[in-house]
Amino acid sequence: MNLKYAIVLTGGIGSGKSTVASLLKLYGYEVVCADTIAHEMLEQAIKEVIEVFGEGILEQGKINRKKLGELVFSDKEKRLKLEGILHPKIKAKILEQATILEAKKVPYFLDIPLFYETQNYPFQEVLLIFVSQDIQTQRIQKRDGLGLEAIQARINAQMSLEEKKKLASYVIDNTGSLEDLQREVEKYLQEYLGDYLSKL
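What you are looking at is a predicted structure, and each value in this text was computed from that prediction instead of being measured. (Residues numbered from 1 in each chain as written. Predicted model: local features only at pLDDT ≥ 70, side-chain atom pairs only at ≥ 80, totals over all residues. Heavy atoms only, no water.)

In this section: the sheet that holds strand β1 (residues 6–10). If you trace the five strands from one edge of the open sheet to the other, you get β2-β5-β1-β6-β7, paired in parallel fashion. Both outer strands of the open sheet, β2 (31–33) and β7 (170–173), are each paired with one neighbouring strand and no more. When strand polarity is set aside, the average angle formed by the axes of neighbouring strands in this sheet is 25°. Seen against the sheet, helix α2 (residues 34–44) touches β2 and β5 (108–111) and runs at an angle of roughly 40° to β2. Most of the contacts of helix α5 (residues 76–102) go to β5, to which it runs at about 170°, and overall it touches β1, β2 and β5. (Pairing = 2+ DSSP bridges. Helix = DSSP H or I, 4+ residues; strand = E, 2+ residues; numbered from the N terminus. Axes fitted to C-alpha atoms, helices over the stretch in contact; angles between N-to-C directions. Contact = heavy atoms within 4.5 Å.)

The contact between helix α1 (residues 17–26) and helix α10 (residues 178–198) brings their axes to 11 Å, and the two run at 55°. Judged on the interaxial angle alone, α10 and α1 are oblique. Note on packing geometry: the crossing formed by α1 with α10 is right-handed. Between α1 and α10, the residues in contact are T19, V20, L23 and L24 and L178, L181, Q182, V185 and L189, respectively. (Parallel < 35°, antiparallel > 145°, perpendicular 65-115°, else oblique. Left-handed = near helix turned anticlockwise from the far one by under 90°.)

Moving on, we get to the environment of A45. Relative to the helices and strands, A45 is located in the loop between α2 and α3 (46–53). Exposure remark for A45: the relative accessible area of 1% places this residue in the buried category. Here the alpha-carbon distance between A45 and T137, two residues 92 residues apart in the chain, equals 31 Å. Ignoring any residue separated from it by four or fewer positions in sequence, one finds A45 in contact with I85, L86 and K89. (Buried < 20%, exposed > 50% of the residue type's maximum accessible area, 1.4 Å probe, protein only.)

Here the focus is helix α4 (residues 65–73). Within the sequence span of α4, burial applies to L68, G69 and V72. Projected down its long axis, α4 shows its buried positions confined to an angular sector of 105°, all on one face. The inward-facing, buried residues of α4 contact α2, α3, β4 (62–63), α5 and α8 (148–156). You can read the cap of α4 off the contacts: a side-chain oxygen lies 2.9 Å from the backbone nitrogen of K66, and it is on N64. (Arc of directions from axis to C-beta. Polar contact = N/O pair within 3.5 Å; in protein donor to acceptor, adjacent residues only side chain to side chain.)

Honestly, that's just the spatial picture; any functional story needs more than this.
Encoded structure:
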């Protein structure tokens with residue numbers, strides 16, 4: 001499958017990837033969001049998920065993602081079981097949407113948080129949003145109100161951003177302000193993306 005206009009947008013929890021996705025949409029780029037697809041697939045796979053995790057994860061007949069999150073982030077085996085159910089479905093949907101966007105012959109972004117962890121996608125070009133682990137921890141605490149132990153469990157469930165940094169095609173450092181991030185995104189689009197496209 002040759003999806004040459006696809007650019008993976010990835011990072012880690014609390015790195016600011018969703019903010020970058022919003023900026024890219026403002027600049028007119030299509031962004032396919034794996035998290036949105038994951039929520040859809042979770043609802044569709046409710047029977048399979050209940051078989052594995054029991055009815056304790058339900059609230060008013062729907063999966064309570066917070067309860068499910070607490071289970072999978074504290075137990076690697078359970079996390080792998082959930083990923084086994086969801087990831088093939090998420091991948092199929094992402095590839096389906098990428099194939100449609102490819103026909104437009106313009107670059108588009110695939111927001112895939114676990115791109116490197118799954119080692120499961122046929123994409124080469126990767127834009128990584130990077131922050132230090134200290135800033136990552138502060139941002140998650142502020143956003144989600146989680147304790148340090150719960151935050152660490154979530155960070156540890158992903159490949160470290162330092163490791164991802166070595167593998168990415170381009171890295172945007174998001175340790176500064178929102179204005180700094182916007183400048184970095186604009187620099188990427190103006191200086192790097194144009195050059196990348198000229199080689200396609």
